[in-house]
Amino acid sequence: MTRRRLAAATAFLAVVALAALAPFLLGPYLVGVALDLLMWIALAESWILLSGMTGYISLGHAVFFGTGGYVMVLAWGVLPFWLVVPLGGLVAGLLALAIGYPCLRVRGPYFVILTFGVAEFAKFVVVAIEAGLGKAGRLMFGAPSLDELYFVMLALAAAAFVIADCVRRSRFGAGLRAIREDEDAAETIGVPTTRFKILAYTLSAIIPGMVGTVMVLRSTYFEPLQVFDPLISFTIVTMAIIGGSDGAPGPLMGAVFLVSLSELLWANLPEVYMILLGALLVGFVLGAPDGIHGWIRARLARRGA
Amino acid sequence: MDSLLSGQLLVATLVVGALYALVALGLNLIYGTMRLLNIAHGDLVMLGAYVSYWGFSLASVSPLVSMFVAMALSALLGMAIYVVLVRRALHSTALVARIEANSLLIFFGVSVILQNTAALLFTANPRAYAYLDQVIRIGDAAISANRLVVLVVALVVCVAAILYLRLSMTGLAIRALIQERDAARLAGIEPERIHLLSFALGFAMAALAGSLISMIQQVSPFMGFPFTIAAFVIIILGGLGNLMGSLIGGFLLAAIETYGVALTSASFRSILIYGVFIAVLVWRPQGLFGGARVAR
Amino acid sequence: MHRKSIVTFMALAGLVLAGLAQAAEPVRIGFSLSKTGMFANATPSQLNVYELWKEQVNAAGGLDVAGERRPIEFVSYDDQSNTGNAVKIYEKLITDDKVDLLLAPWGTPFHFAVAAVLERHKFPMIGNSAASVQLREIKPGYIWFPTSAIPDKIAEEMGKLLSSRGVKTVAVTNLQLPFSLEIKQFLMPVLERAGIKVVVDEAYPPGIKDMTAILIKVKNAKPDAVLSLSYPPDSVLYMMTARELGIDAPFQFVLIGPTIDFFAKMFGPAADGIVTVGHWSPHQKAWPKAKPFFDAYVAKFNTRPDYLDSALAYMSVEILEQAVAKAGLDKEKLRRVIASTTFDTINGPVRFDGVQNATTPTMFLQLQAGEAQIVWPPDQATAEIMRKPAWPAQ
């Protein structure tokens, strides 16, 4: 391992250790904010595995989040929490595998809207199932404490970051990027495009599934429309693009940026903060098209680092 | 079974389909010519609806008159957004490379701004008014006068738009740009002017839909999103850039909403719609009538 | 004693006291509402009530806190229609902003989400716009629900109402969202026990754009009653389509919508005769505070209050006001007072048994000549229930 990588790994571990101290140092409100931040990091880092690396933009990633959440809802009281979290990831991964093959034949904007359609389809299936089971919203008492949820989410976010980084540096990642540059050319030079795409899609679903199992316990009350909310998908895309979708640091920066900005604006300018947020989003995209990470890299390159 | 053949279901399909098609057509123009994912499209519908609502409530102006105002205002807004935001994006190579992802974000920002400005100015109270709500009989079907107006206006505008694009020189230029961007340039077509026009037209059509909708639905700042979703599903279903495809797609979706429900059960309505959408795309990845080449 | 110095002393004391009264520290009351997002169009009816109440109380000299009058100040946030945000916000209000009192958010899911926070911090709050039988599963202690529009009671009373109107056949259409789903669940066995036949039973998901197919079935079945368990968007679809098709069942019920101001503006006389849930009407003479509230709301906002949500919101603040007057701001004292007092509200007397309102019966409203009248149960009625007239032709 080069010195640079060693330094980076040390820095990463230090950040994780620092983050682990949060429940002991901060009040419940800030821990809640930190929990949300970790959730977005985990989701966005997983999202780029397919969408950042191959350019197949998934606009329906909430489907994995929601699937995980529903698994937790169904298993609540029946299976222990520690078992359901990985189970949710497994189910989400299987779902991605199942829909990956037919869906990844579709390209460009067609794929974008197709993934959205898949998420909506899943949402309405769950609505129908719940109605059929006679469940009008579910109360979930006895959820783990905020601190417990926080530590699980920290683990998930760290894992997602590491996975994104490893994929980026691997031959698998190189193959994915080749697909992004020119899929047909990649196919010609021997990249197993279909296999890689499906693998990336499946990988990108597992952690969001687990994140879903955890977050559904945050608000005691489950209702399908909330966990399959398109806004979740849009926010993931927003953070990954603002931060930069070409490597692990990007989504992390995007999530930190957006969450910090929201907290700042929301507390101080409640009436107009959404408008300002929208304006800043627009300004950002125009000013830094490769995201924060890309902008930083460009700066460093210019300085001849 | 004879309810399936009733005129009533047919009329309902036509109304819903025409409205869907009108909203989708505007979006397709913008997407087709510039590859921009305008997810603020539904919010333009919202703005049009508010123009007509306020026109009627404050000044008793019929929506059939205020719709022209709505269209004009929206077209102006579209041109402003084009000049201030989009042109910059299209000229920057970095942005154009990922134009879809970046446009998604830009218009997401625009959408958030539009929705929340409306909420700030008008409050989120749902608003409605009664206009032309008498029931008219046509054969064995009955329809509210306002829904009939929606059907007729939407249909006429859709057909006019398609004819315009097929027959006029500008229309031809737009279609050339949609089909083959670079070759169109070689043929001497100025993309700038076409882009501006597409934006203005697309935005105007959305606002028109909004004015019509204000007669038959309550108006509120966050009402636009379902229309955005429907529009995207339709343009993808029908094939990007193919305007006739959007028209057909709109009526197809409406038919599922009515006949699909009549044949199965109302509880499957959304599952059917999205199920058909997914099935069509898996079978034909460029949509029903999309070109074989999908320019990236 | 020197009279002059006594007088001077009294005068000075008086001035100081007056000064203290003027500078009375405000009571900070916190809450969050969905000002943006998918529920944003449902919350103004509640937010307006909170604002109206604050204005009224401050105009009268301030909130009576166990004898001392202090002005009210709001600390409010937007939860963006997200229950997770609501949880965060109420935690912030309690631990960070350290507010003195809390008001409720809007909607059942939000009340459930916040209940856990209240329990953890032992902070009492009076709910309002929540209605589910699952409310009873919340441990009593820090949250109360003044509504009587609870699904199982609604189903029960509907059975009685329909029987009293001689209804033999009914068509039920319902939206697949919690409130309407719950009511339907309880309704089916009630109807069966009452010997009423369900001739159409259609459920539909949120977001439908057309109800023609469903209502053609309803029309063909010619039921004595139609129950449209719908939320505002589909309630509008119901009204438009039922009118087009000319559904002439003498009893037509629309779950959510008729109590909202835009409904009357959109349908005018076509809405007359529609029955809906609600337990408040400004026309109830037995509740002297009802009409003044109605008038004050109209005067300030130029629109009518929501007969259900706005009434509940105002009841919750009335209860809070009366409780604080007795118990001050001490949380445990407040809790005991709220749990044991009978309050006098615009909806009559309200007393809690556990988390629920034990005094207000479940009622139904009917729109008559554009006004919401209580038509069931007979002993609470402000007007007699009428047959739904034919849809207006022109």
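Going by the structure above, here's the rest.
Quick caveat, the model's predicted, so the values are computed rather than measured.

Analysis parameters
Residues numbered from 1 in each chain as written. Chains lettered and ligands numbered in written order. Predicted model: local features only at pLDDT ≥ 70, side-chain atom pairs only at ≥ 80, totals over all residues. Helix = DSSP H or I, 4+ residues; strand = E, 2+ residues; numbered from the N terminus. Rg over C-alpha atoms; globule rule 2.2 N^0.38 Å. Buried ≥ 20, exposed ≤ 12 C-beta atoms within 10 Å, placed from the backbone. Contact = placed C-beta atoms within 7 Å. Nonpolar A, V, L, I, M, F, W, Y, C, P; charged D, E, K, R; others polar. Core = buried A, V, L, I, M, F, W, Y, C linked by C-beta atoms within 7 Å. Pairing = 2+ DSSP bridges. Axes fitted to C-alpha atoms, helices over the stretch in contact; angles between N-to-C directions. Expected span 1.5 Å × (residues − 1). Parallel < 35°, antiparallel > 145°, perpendicular 65-115°, else oblique. Left-handed = near helix turned anticlockwise from the far one by under 90°.

1. Examining the overall build of chain A
Next, step 1: Across its full length, chain A holds 14 helices and two strands.
Next, step 2: A compact globule built from 305 residues would reach a C-alpha radius of gyration of about 19 Å, and chain A, at 19 Å, matches this within 12%.
Next, step 3: In terms of principal-axis extent, the alpha carbons of chain A reach across some 60 × 45 × 40 Å.
Next, step 4: Residues counted as buried form 54% of the 305 residues belonging to chain A.
Next, step 5: Long-range pairs, those at least 24 residues apart, make up 78% of the contacts in chain A between residues at least 6 apart in sequence.

2. Description of the overall build of chain B
Next, step 1: When helices and strands are tallied, chain B shows twelve helices and two strands.
Next, step 2: Expected size for 296 residues packed as a compact globule is a radius of gyration near 19 Å; at 19 Å, chain B falls within 12% of this value.
Next, step 3: Expressed along its principal axes, the backbone C-alpha trace of chain B runs to roughly 55 × 45 × 35 Å.
Next, step 4: Per-residue burial for chain B yields a buried fraction of 61% across its 296 residues.
Next, step 5: If you take every contact in chain B between residues at least 6 apart in sequence, the share linking residues at least 24 apart comes to 77%.

3. Let's talk about the interface of chain B and chain C
Next, step 1: Each side of the interface is counted separately: chain B has 37 residues, and chain C has 37 residues.
Next, step 2: The set of elements that each furnish at least two residues to the side of chain B that touches chain C consists of helix 1 (7-34), helix 5 (99-122), strand 2 (141-144), helix 11 (243-263) and helix 12 (269-283) of chain B.
Next, step 3: Grouping the amino acids of the side of chain B that touches chain C by side-chain chemistry returns 19 nonpolar, 15 polar and three charged.

4. So, the nonpolar core
Next, step 1: In this structure, A:M153, B:L22 and B:V23 are the most contacted members of the largest nonpolar core, which totals 358 residues.
Next, step 2: Residue contributions to this core peak at 19 residues, all from helix 1 of chain B.
Next, step 3: Those residues in contact with A:M153 that lie beyond four places of it in its chain are A:L35, A:L38, A:M39, A:A42 and A:V214.

5. Some words on the interface of chain C and chain A
A common way to report how large an interface is uses the accessible area buried once the components associate.
Next, step 1: With 26 residues of chain C in contact, the opposing surface of chain A contributes 22 residues.
Next, step 2: Put simply, the parts of the chain that give the side of chain C that touches chain A at least two residues each are strand 4 (72-78), helix 3 (83-96), helix 4 (108-121) and helix 6 (178-193) of chain C.
Next, step 3: Ranked by residues supplied to the side of chain C that touches chain A, first place goes to helix 3 of chain C with eight residues.
Next, step 4: In the side of chain C that touches chain A, the residues fall into eleven nonpolar, eight polar and seven charged.

6. Re the sheet that holds strand 1 (residues 27-33) of chain C
Residue and element names in this part refer to chain C.
Next, step 1: On the basis of which strands lie adjacent, the open sheet formed by three strands has the order 4-1-5 and parallel pairing. The two strands at the open ends of the sheet, each matched to only one other strand, are strand 4 and strand 5 (101-102).
Next, step 2: In this structure, strand 1 lies alongside strand 5, joined through two bridges in parallel fashion. If you follow G30 over to strand 5, its bridge partner there is L102.
Next, step 3: Along the sheet, helix 2 (residues 44-59) contacts strand 1 and strand 4; its crossing angle with strand 4, the most-contacted strand, is approximately 165°.
Next, step 4: Across the sheet, helix 3 lies against strand 1, strand 4 and strand 5, angled at about 170° from strand 1, the strand it touches most.

7. Focus: helix 6 (residues 145-167) of chain B
Residue and element names in this part refer to chain B.
Next, step 1: For helix 6, spanning 23 residues, the distance from its first C-alpha to its last is 32 Å, which sits close to the expected 33 Å at 1.5 Å a residue.
Next, step 2: Residues of helix 6 that are buried include every one of N146, R147, V149, V150, L151, V153, A154, V157, C158, A161 and L165, and no others.
Next, step 3: Buried residues along helix 6 sit against helix 1, strand 2, helix 7 (169-179), helix 9 (191-213) and helix 11.

8. Digging into the packing of helix 2 (residues 41-59) of chain B against helix 9 of chain B
Residue and element names in this part refer to chain B.
Next, step 1: Relative to each other, helix 2 and helix 9 sit at 50°, their axes nearing to 6 Å. By the angle between their axes, helix 2 is oblique relative to helix 9. Seen from above, helix 2 lies across helix 9 with right-handed handedness. Side by side, helix 2 and helix 9 meet where H41, L44, V45, M46, L47, G48, A49, V51 and S52 of the first sit next to F203, A206, A207, L208, A209, G210, S211 and I213 of the second.

9. Observations concerning the sheet that holds strand 13 (residues 342-345) of chain C
Residue and element names in this part refer to chain C.
Next, step 1: Strand order in the open sheet made by the three strands is 13-14-15, with antiparallel pairing throughout. Looking along the sheet, the strands with just one partner apiece sit at the ends: strand 13 and strand 15 (356-357).
Next, step 2: Inspection of the sheet shows strand 13 paired to strand 14 (residues 348-353) by four bridges, in the antiparallel sense. Its bridge partner being in strand 14, T342 is matched across the sheet by R351.
Next, step 3: Packing against the sheet, helix 11 (residues 309-327) makes contact with strand 13 and strand 14, and its axis sits at approximately 125° to strand 13.

10. Some details on unusual backbone geometry
Trans is the common state for peptide bonds, and a negative phi is the common state for residues other than glycine.
Next, step 1: Omega for the bond connecting C:W376 with C:P377 falls within 30 degrees of zero, at 0°, which places this linkage in the cis form.
Next, step 2: Assignment of secondary structure puts C:P377 in the segment after strand 17 (371-376).
Next, step 3: Its identity is not glycine, yet B:T123 carries a phi of approximately 65°, on the positive side.
Next, step 4: Among the secondary structure elements, B:T123 is positioned in the loop between helix 5 and strand 1 (135-138).
Next, step 5: Phi is positive for C:N302, close to 60°, though the residue is something other than glycine.

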